[in-house]
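Reading the structure
Chain by chain, the residues run as shown.
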Amino acid sequence: MTDLTAVDATIAPAEKPATRPARPFFSSGPCAKPPGWSADKLATDSLGRSHRAKIGKTRLAYCIDLMRELLNLPDTHRIGIVPGSDTGAFEMAMWTMLGARPVTTLAWESFGEGWVTDAAKQLKLDPTVIRADYGQLPDLSTVDFSNDVLFTWNGTTSGVRVPNADWIPADRQGLTFADATSAVFAYDIDWAKIDVATFSWQKVLGGEGGHGVLILGPRAVERLETHTPAWPLPKVFRLMAKGKLAEGVFKGETINTPSMLAVEDAIFALEWGKSLGGLSALIARSNANAAALNSIVEERDWLGHLAADPASRSTTSVCLTVEGADEAFIKAFAGLLEKEGAAYDVAGYRDAPAGLRIWCGGTVETADIVALGPWLDWAYAQTKAA
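Everything quoted here is computed from the prediction, not taken from an experiment. (Residues numbered from 1 in each chain as written. Predicted model: local features only at pLDDT ≥ 70, side-chain atom pairs only at ≥ 80, totals over all residues. Heavy atoms only, no water.)

The next point concerns the environment of Thr198. Mapped onto the elements of the fold, Thr198 is located in strand S8 (residues 196-200). Of the residues examined, Thr198 reaches a relative accessible area of 0% and is grouped as buried. Sequence separation between Thr198 and Ala61 is 137 residues; the distance between their C-alpha atoms is 18 Å. (Helix = DSSP H or I, 4+ residues; strand = E, 2+ residues; numbered from the N terminus. Buried < 20%, exposed > 50% of the residue type's maximum accessible area, 1.4 Å probe, protein only.)

Right, let's talk about the nonpolar core for a bit. Grouped together as the largest cluster of nonpolar side chains are 85 residues, with contacts concentrated most on Met67, Phe151, Trp153, Phe185 and Trp201. With 8 residues, helix H5 (residues 260-276) is the largest single contributor of residues to this core. When residues of this core are sorted by domain, at least three fall in each of domain 1 (39-275) and domain 2 (278-385). Apart from residues no more than four positions distant in its own chain, Trp201 is found in contact with Cys63, Met67, Ile81, Gly206, Gly207, Glu208, His211, Val213, Ala262, Val263 and Ala266. Among the nonpolar cores identified, the runner-up in size contains 30 residues, and Val82, Ala119, Val249 and Phe250 belong to it. (Core = buried A, V, L, I, M, F, W, Y, C linked by side-chain atoms within 4.5 Å. Domains from an automatic or database assignment. Contact = heavy atoms within 4.5 Å.)

What follows deals with the sheet that holds strand S13 (residues 317-322). Spatial ordering of the open sheet is given by S12-S13-S14, a layout of 3 strands whose pairing is antiparallel. At either margin of the open sheet sits one strand with a lone partner, and together these are strand S12 (303-305) and strand S14 (356-359). Shown here is a sheet whose adjacent strand axes are inclined to one another by a mean of 35°, direction ignored. Inspection of the sheet shows S12 paired to S13 by 3 bridges, in the antiparallel sense. Note on S13: the bridge partner recorded for Leu303 is Val322. (Pairing = 2+ DSSP bridges. Axes fitted to C-alpha atoms, helices over the stretch in contact; angles between N-to-C directions.)

A full pass over the atoms with the stated rule returns 13 aromatic pairs. Aromatic pair Trp302 and Phe333: ring centres 6.2 Å apart, planes at 50°, arrangement tilted. Linking Trp302 in the loop between helix H6 (279-298) and S12 with Phe333 in helix H7 (residues 327-339), this pair joins segments that are 31 residues apart in sequence. Judged by its relative accessible area of 0%, Phe333 is buried. The structure contains a cluster of three or more aromatic residues connected by ring pairs, namely Phe145, Phe151, Trp153 and Trp167. The ring centre of Trp37 lies 5.0 Å from the NZ or CZ of Lys33, which sits over that ring. (Phe/Tyr/Trp six-rings, centres within 6.5 Å; stacked < 30°, edge-to-face > 60°. Lys NZ or Arg CZ within 6 Å of the ring centre and 35° of its normal.)

As a further point, take the domain arrangement of the chain. A common way to report how large an interface is uses the accessible area buried once the components associate. Here the domain parsing of the chain yields domain 1 (39-275) and domain 2 (278-385). When each unit is reduced to the centre of its C-alpha atoms, the spacing between domain 1 and domain 2 is 27 Å. Contact residues are listed per partner, giving 28 residues for domain 1 and 26 residues for domain 2. Together domain 1 and domain 2 conceal approximately 2,100 Å² of surface at their shared face, both sides included; 60% is due to carbon and sulfur atoms. Broken down residue by residue, the surface that domain 1 buries against domain 2 is led by Tyr134, Gly159 and Trp272, which jointly contribute 22%. At the junction of domain 1 with domain 2, the criterion picks out 0 salt bridges. Of all the secondary structure elements, the ones that give two or more residues to the side of domain 1 that touches domain 2 are helix H1 (54-71), helix H3 (110-122), strand S6 (160-161) and H5. At 3 residues, the largest contribution of residues to the side of domain 1 that touches domain 2 is made by H5. Its residues assigned to classes, the side of domain 1 that touches domain 2 shows 13 nonpolar, 11 polar and 4 charged. (Buried area = accessible area lost by both parts, 1.4 Å probe. Salt bridge = Lys/Arg side-chain N within 4 Å of Asp/Glu carboxyl O. Nonpolar A, V, L, I, M, F, W, Y, C, P; charged D, E, K, R; others polar.)

Time to look at the UniProt feature "domain: Aminotransferase class V" (unreviewed entry) in the chain. Under the present numbering, the feature "domain: Aminotransferase class V" (unreviewed entry) in UniProt falls on residues 149-343. Secondary structure content for residues 149-343 is 30% helix and 18% strand, and the end C-alpha separation is 37 Å. (UniProt positions renumbered as here; feature names shortened; annotations may be inferred.)

This part covers the pattern of salt bridges. As enumerated under the stated definition, the model contains 15 salt bridges in all. The residue Lys274 makes a salt bridge to Glu69 at a minimum N-O spacing of 3.4 Å. Taken together, the residues Lys274 in helix H5 and Glu69 in helix H1 connect sequence positions 205 residues apart. The partly exposed category is assigned to Glu69, whose relative accessible area is 41%. The partner of Asp148 in a salt bridge is Arg223, with the nearest N and O atoms 2.8 Å apart. Note that Asp148 is positioned in strand S4 (residues 148-152) and Arg223 in helix H4 (residues 218-226), a separation of 75 residues in sequence. A relative accessible area of 0% places Asp148 in the buried class. With a relative accessible area of 8%, Arg223 lands in the buried category. Look at the salt bridges and you will find they share partners, linking Lys16, Arg20 and Glu340 into a network.

The structure is reproduced here in structure tokens:
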């Protein structure tokens with residue numbers, strides 16, 4: 001490995017590697033398409049047709065069935081396709097179900113902070129807020145589950161995840177709301193512990209943006225049918241009809257008009273995941289990618305993990321520190337990699353500490369993670385020499 005500890009403008013930077021990642025797509029959302037994807041492989045018979053016609057409803061229901069199968073989701077939980085990506089799905093859950101109990105919000109990265117803002121400033125619920133700095137996980141043992149509890153399963157912008165659901169009691173009184181957008185299809189999730197979960201196809205599946213997915217357990221359905229929020233609900237948030245859950249939403253009868261092209265794109269990714277062997281295969285791919293990236297980090301003294309504890313370190317959205325780097329350095333570093341076609345969109349999230357963010361979800365090939373290592377050396381040396 002090139003020694004970079006004393007690189008400056010008088011020392012020749014590392015030699016440009018000869019081999020580029022075959023698929024340099026490492027963005028943490030929208031993420032890499034599944035290997036073998038191309039637009040001409042998408043089914044198009046539903047395009048230009050009404051989503052309420054038989055063909056549209058059939059494809060939407062098929063997409064829901066595939067998600068249930070790959071997630072090993074029990075029959076007790078419903079799945080609906082809703083507007084507004086993961087944000088729309090999570091805010092739909094907040095606006096329709098919160099207010100019956102006190103609320104606790106957990107925040108250790110940007111999106112968790114967004115739910116704090118919604119609960120405190122928009123819904124004015126005076127939540128209990130449990131925070132941790134970027135790279136850290138708060139003390140989960142302090143959470144009061146007589147409250148409704150909001151958290152991100154996997155902190156996309158910090159690289160910190162909850163290690164499992166053991167901290168959530170089975171006999172909780174409040175509901176658990178999990179923003180799981182960069183966690184589903186990459187971790188085993190104990191669905192008995194989750195009352196509400198949300199995600200978007202654009203993360204672990206590499207799908208197109210714009211649509212969210214809302215998963216409701218039986219306790220969440222009970223809340224919807226027994227609690228009337230104190231605030232007005234926009235039409236796109238309404239899950240109730242005549243005092244009962246609008247069951248059609250969870251059978252493919254979407255609240256508003258979906259993009260059937262995005263639905264077909266999601267179906268392609270889901271069928272690809274199924275062809276590999278389902279959830280266990282997707283988890284294994286993500287774990288292999290994260291392990292390959294961890295080897296790269298351990299071999300370089302100028303790279304580190306923002307999430308110091310391996311037990312709570314993400315295996316999808318992996319956030320890295322770069323010795324001595326500020327925002328301008330990272331911008332130049334990432335720009336060099338993009339210009340060379342070696343890695344796209346690897347700068348850390350704008351609100352996070354300056355660093356790199358490498359997506360390691362199952363749609364990425366491990367060989368491309370391995371090929372990225374020498375390019376990181378080259379870009380670091382070039383940027384430092386400049």
